[in-house]
Amino acid sequence: MKVIWKILYNLAFLPLLMVAGFIVSIFNEKVREGFRGRRNSLRKLTAQFSRRNPDQLVLWFHAASHGEYEQVRPVLAGLKEVEPDSIVVVSFFSPSGYKNVFDPNIDCKIYLPLDFYWTCRRSLKLVRPHKLIFAEYDLWPNLIWAARRLGIKTTLFSARINRGSSRLWPVISNLYRHIYNNLDSVYTVSERDHIAIKRLLAKRSRSIVRVLGNPRYDQVKEMADRPSVERTKSVLERQLRVIAGSVWPDDENVVLPPILDLLNEHPELLLYWVPHEPDSKFLERTMRSFDSSDIEPKLFSECKNGEFRKARAVIVDEVGMLAELYWQGRIAYVGGGFSTGIHNVMEPAIARLPTVFGPRFHNSHAAEELLNSGGGFTISSQEEFRSTMDKLIDNHDFFVESSLAATGVIHRNIGSATRVVRGILRD
């Protein structure tokens, strides 16, 4: 069956994926940029590894995009402490990762080469890494199969298999069984993921499967420990401000009307509205939505000398600020739960904010932990959002308990990065 899947993947699935990608690239600059970047990957690897010390430890990490790299970052920092002379290659599938990740622990940064077997084999023979390490989910069959043929060990960490995942569907699960069976070690986020992976693997699989957690908890904790005036304040000393982060149009349809009502009813309430992608169309749409209320929003880019801190409502039209903005609020809404899947809920949780999000949250272990602990709340309608917000605003004891529960989730889960580093070096 493994041979059949290899044939189907290389003669049917992969060509169809490439054709679809090229068609999309005609209309999508981001996809087009990814194809252009991949042309230089082999050249960069050749320049980096044409001369190398054969005794030097070389590790190749792969992350799909910027978000997944935040799990890699604390692991790299830990590895460089233990093996300071090691060489680290990091590949990205998405331009959002390649263009926005700047880490001194990376020695060579590339776009992941296209998943043709000969390209993968050539890339791996150039680098000859001691281990190929994947973050979370972005597994490419030919890269894994080529590594196995070349005797290069492979690891997947922060592994999750959500309820209803396509990887568990009939027929598809058989393909993933062959992919996962070729991994030497798999480090899962939770015990439930451990059980799901073990069920997916063949009974005679030699893959090592361990529960080691999610290193991203360590990353948000490290960022929170940096000196800052806002971080030393009690959450109750902050202004009563809602931070709506990583908002998509689907989120806006549900949560913005109730928020506008709350702003009109509570003169002391403030808002930071942070779109996931602050393009002009989304900003214009949001500005029009405010026309139905008595609140006139300000664009962050037009505020001077800290004026945004005093404005009733600020639409943040710049990227990269959200993690810091959470420390200026009391309640968070995190977007994505009505579209592609919830975004990062760890950042508001470490900032001590009770966190609200939409129904598509099973891609996030932290969101599940927040729900179980009482630090997070899922909503599926305007009415549910409004009732949750009313309770957090009006019930002081409920708010305090939720705030403590949110930050408690982070503190209970730190330490994963150290465990993953140990596993990478020993397994």
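Everything in this summary refers to the structure shown in the same document. (Residues numbered from 1 in each chain as written. Predicted model: local features only at pLDDT ≥ 70, side-chain atom pairs only at ≥ 80, totals over all residues. Heavy atoms only, no water.)

Okay, the sheet that holds strand 12 (residues 331-334) next. Reading across the sheet, the 7 strands line up as 10-11-9-8-12-13-14 and stay open at both edges, with parallel pairing between neighbours. The two strands at the open ends of the sheet, each matched to only one other strand, are strand 10 (298-299) and strand 14 (376-378). Here strand 10 pairs with strand 11 (residues 313-315) via 2 bridges, running parallel. The residue bridging K298 from the neighbouring strand is V314, located in strand 11. Its contacts with the sheet place helix 17 (residues 382-394) against strand 8 (241-247), strand 12, strand 13 (355-357) and strand 14, and it is angled at close to 160° to strand 12. (Pairing = 2+ DSSP bridges. Helix = DSSP H or I, 4+ residues; strand = E, 2+ residues; numbered from the N terminus. Contact = heavy atoms within 4.5 Å. Axes fitted to C-alpha atoms, helices over the stretch in contact; angles between N-to-C directions.)

Moving on: unusual backbone geometry. Unusually for a residue other than glycine, S246 sits at a positive phi of about 55°. Its location among the elements puts S246 in strand 8. With phi around 75°, R352 is a residue other than glycine that occupies positive phi space. Its location among the elements puts R352 in the loop between helix 15 (346-350) and strand 13.

All right, on to the nonpolar core then. Residues L271 and W273 are the most contacted members of the largest nonpolar core, which totals 67 residues. The element that contributes the greatest number of residues to this core is helix 12 (residues 249-265), accounting for 7 residues. Of all hydrophobic cores here, the second largest spans 41 residues; its members include W5, M18, L175 and Y176. (Core = buried A, V, L, I, M, F, W, Y, C linked by side-chain atoms within 4.5 Å. Buried < 20%, exposed > 50% of the residue type's maximum accessible area, 1.4 Å probe, protein only.)

Turning our attention to the pattern of salt bridges. Summed over all chains, the structure comprises 15 salt bridges. For the salt bridge of E368 with R192, the shortest nitrogen-to-oxygen distance reads 3.4 Å. You can see E368 sitting in helix 16 (residues 365-373) and its partner R192 sitting in helix 9 (residues 191-200), a full 176 residues away along the chain. Given a relative accessible area of 10%, E368 falls into the buried group. The exposure class assigned to R192 is partly exposed, which follows from its relative accessible area of 30%. (Salt bridge = Lys/Arg side-chain N within 4 Å of Asp/Glu carboxyl O.)

Note on placement: R216 falls in helix 10 (residues 216-224). On the basis of relative accessible area, R216 is assigned to the buried category, the value being 17%. C-alpha separation for the pair R216 and M346, spaced 130 residues apart in sequence, amounts to 8.3 Å.

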